[in-house]
Amino acid sequence: MEYVYAALILNETGEEINEDNLTAVLDAAGVDVEESRVKALVAALEDVDIEEAIETAAAAPAAGAAAGGSADAGGDADEADESEDEAEEADEADEEDEDEGDGGEGLGELFG
């Protein structure tokens, strides 16, 4: 990840993303630089518009979260209530099992 972060730093500062600049940023950060990884990243980013990629990546999760988040907003409270009810029922069933001493026959009530 530090290689990608270094490329983003270079992009943000307006510097060219090349092997020398990328290596310099990584060296300054104290990273043990692997030349093959630097070359691979520079080659991979050669035809990429980083600003466009950032905008696209930032917009996709936000749109998905907005659509899914509004539908789940009311559901979270209901799920919490259901979880509490299920926990209480399980506790009651456990107490009944202990009282009856039936050796596990009460487990059928929990699961079916």
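Above: the structure in question.
Here is a short report on the structure shown in this document. Source: prediction; values computed, not measured.

## Some details on the overall build of the chain
- The number of helices and strands found in the chain is five helices and zero strands.
- Counted from the first residue to the last, the chain has its helices and strands arranged as α-α-α-α-α.
- Evaluated residue by residue, the chain yields a buried proportion of 16% over its 112 residues.

## Topic: the side chain of Thr23
- The residue Thr23 is located in helix H2 (residues 19-28) in this model.
- By relative accessible area, Thr23 is classed as buried at 16%.
- Among residues more than four places away in sequence, those in contact with Thr23 are Val33, Glu35 and Val38.

## Examining the nonpolar core
- Core analysis: the biggest nonpolar cluster contains 13 residues, and Tyr3, Ala7, Ile17, Leu22, Leu26, Val38 and Leu41 have the highest contact counts within it.
- Elements represented by at least two residues in this core include exactly helix H1 (2-13), H2 and helix H3 (35-44).
- Per element, the largest residue contribution to this core is four residues, and it comes from H1.
- Once you skip the residues sitting within four places of it in the chain, Ile17 turns out to touch Ala7, Leu10, Asn11, Val42, Leu45 and Ile50.

The rules behind each value
- Residues numbered from 1 in each chain as written.
- Predicted model: local features only at pLDDT ≥ 70, side-chain atom pairs only at ≥ 80, totals over all residues.
- Heavy atoms only, no water.
- Helix = DSSP H or I, 4+ residues; strand = E, 2+ residues; numbered from the N terminus.
- Buried < 20%, exposed > 50% of the residue type's maximum accessible area, 1.4 Å probe, protein only.
- Contact = heavy atoms within 4.5 Å.
- Core = buried A, V, L, I, M, F, W, Y, C linked by side-chain atoms within 4.5 Å.

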